[in-house]
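Read off the chains here:
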Amino acid sequence: MERWERVGRFAGYGAALALSPYLLIKVAWVAGSLLGLAPIGEGFSLAGWVLLNTVTIGMAGIGIALALALVRPWGMRIPGFLVAFCAWTGAGFLVSILPYAVLSTVLDAGRGPAADSGGDDPSMPGWEGALIQFSFIGMGLGLALAIPFYLRRRWPEAFTRQAGDATPTVPRWAAALAGTVGLVWAYWAVGGTLGIARPAARDTNWYLLTSVSALWALAGAAASWTLARKRPVWVPHRLLLALGWLGSGSLFAWSGWKLPLTLFVAVADPADVKLPENLAVAPVLHLAAVVAGVGMVRTLVRPRPRTAPSAMLVHDPTIVHE
């Protein structure tokens, strides 16, 4: 088995293993709270605490099943769209959490013990917080490596093309739109105030998440634009595919989650939630990010006709090549 496949299989199993502590912790929280052996999270009723953690248990189970589906033979029998969509959105969420978690940990350590309040929360001791963070980081890394492996097995023709082999149907507008969104987020991340209604509400976490989102948006846009070119480039095709998938997934997943939240805040105007962004600008930006993400991923999964070596040779789709 070649090195690429070994890395993909190891990453898939590693992602499933990494998420297991999170799953076990959540099960322990639910069981402990029902038996009166574990505290309930601050601000929650017993029913609300159990419901919330039961939902996250289900999400963790789906994540583990997804990671295994990417490397096990039975994963090839699941409808390709379903596996690809779940893997795409899941990786989009987690690859943004990964650098954010690392950077926030470094910044917290630099601020000293006073900044670390995790051990003061009785519902989450410090060691549990560390395991949960490890689970998300491990899952993000694992999916980022295992997804290209699965795609290569499922759609090998996508990996045999070279950059520059794209057809005129590639939507370059999606890459341009993603680049525009990424530039706006980068402008906000360096302190820009145009489109920001409450500059004072921007904290370190907001800056980190905005910076990471901008990075993935720009990386995905650059990769998709390069794949859309008809001229060959000196960039590994697999790297372009990976960046395109992760960048488009980050755009779609995060803005797909933030869009309804932003619209809710704009309409309901809750007293305890005040977003830094202008509530007329942010929904438009998130909608643009979602549209760009969908357009970019269609570039990567749309089947393209193979060029026949001569006019006398026509590809027969009924022939299966070993």
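Above this text sits the structure in question.
Here the structure is a predicted model, which is why all the values come from computation and not from measurement. (Residues numbered from 1 in each chain as written. Predicted model: local features only at pLDDT ≥ 70, side-chain atom pairs only at ≥ 80, totals over all residues. Heavy atoms only, no water.)

Regarding the overall build of the chain
Looking only at helices and strands, the chain has nine helices and zero strands in total. Each helix (α) and strand (β) of the chain, taken in turn from the N terminus, gives the series α-α-α-α-α-α-α-α-α. Of the contacts formed within the chain by residues at least 6 apart in sequence, a portion of 80% connects residues at least 24 apart. Summed over all atoms, the accessible surface of the chain reaches about 17300 Å², with 70% contributed by carbon and sulfur. (Helix = DSSP H or I, 4+ residues; strand = E, 2+ residues; numbered from the N terminus. Contact = heavy atoms within 4.5 Å. Areas by Shrake-Rupley, 256 points an atom, 1.4 Å probe, with all protein chains shown as cover.)

Quick look at the environment of serine 255
Structurally, serine 255 can be placed in helix H8 (residues 237-268). Not counting the four nearest positions on each side in its chain, serine 255 is found in contact with Trp185, Ser250, His286, Ala289 and Val290.

Some points on the nonpolar core
Counting 37 residues, the largest nonpolar core has Leu19, Leu70, Met139, Leu143, Ile147, Trp245 and Leu246 as its most contacted members. Ranked by the residues each element gives to this core, the list is headed by helix H4 (residues 126-154), at nine residues. Within the second largest apolar cluster, 16 residues are counted, among which are Ala174, Ile196, Trp206 and Met296. (Core = buried A, V, L, I, M, F, W, Y, C linked by side-chain atoms within 4.5 Å. Buried < 20%, exposed > 50% of the residue type's maximum accessible area, 1.4 Å probe, protein only.)

Some words on the packing of aromatic side chains
To describe a pair of aromatic rings, you give the distance between the ring centres and the angle between the ring planes. The final tally for this structure, using the stated rule, is nine aromatic pairs. Here tryptophan 88 and phenylalanine 252 contribute two aromatic rings whose centre-to-centre distance is 4.8 Å and whose plane-to-plane angle is 25°, an arrangement assigned as stacked. Note that tryptophan 88 is positioned in helix H3 (residues 80-111) and phenylalanine 252 in helix H8, a separation of 164 residues in sequence. Take tryptophan 88: its relative accessible area is 5%, and that puts it in the buried class. Classification of phenylalanine 252 by relative accessible area gives buried; the value is 19%. Between the aromatic rings of tryptophan 254 and tryptophan 257, the centroid separation amounts to 5.9 Å while the plane-to-plane angle is 80°, which identifies the pairing as edge-to-face. (Phe/Tyr/Trp six-rings, centres within 6.5 Å; stacked < 30°, edge-to-face > 60°.)

Side note on the packing of helix H2 (residues 46-69) against H4
For the pair H2 and H4, interaxial distance at closest approach is 9 Å and the crossing angle is 40°. The orientation of H2 with respect to H4, classified from their angle, is oblique. Our pair here, H2 against H4, has a crossing hand that is left-handed. Residues Gly63, Ile64, Ala67 and Ala69 of H2 lie in contact with H4, whose contacting residues are Met139, Leu143, Tyr150 and Arg153. (Axes fitted to C-alpha atoms, helices over the stretch in contact; angles between N-to-C directions. Parallel < 35°, antiparallel > 145°, perpendicular 65-115°, else oblique. Left-handed = near helix turned anticlockwise from the far one by under 90°.)

Comments concerning the environment of asparagine 205
Summarising the element assignment, asparagine 205 is placed in helix H7 (residues 204-228). You can call asparagine 205 partly exposed: its relative accessible area is 36%. On a C-alpha basis, the gap between asparagine 205 and serine 104 in space is 7.4 Å, while along the polypeptide they are 101 residues apart.

A look at H4
Taking 1.5 Å of rise per residue, the 29 residues of H4 would be expected to cover 42 Å, and the 41 Å separating its terminal C-alpha atoms lies within 8% of that figure. Its maximal kink placed at alanine 146, H4 deviates by approximately 25°, while the proline proline 148 follows within four residues. (Expected span 1.5 Å × (residues − 1). Bend = angle between axes of the 7 residues up to and from the residue.)

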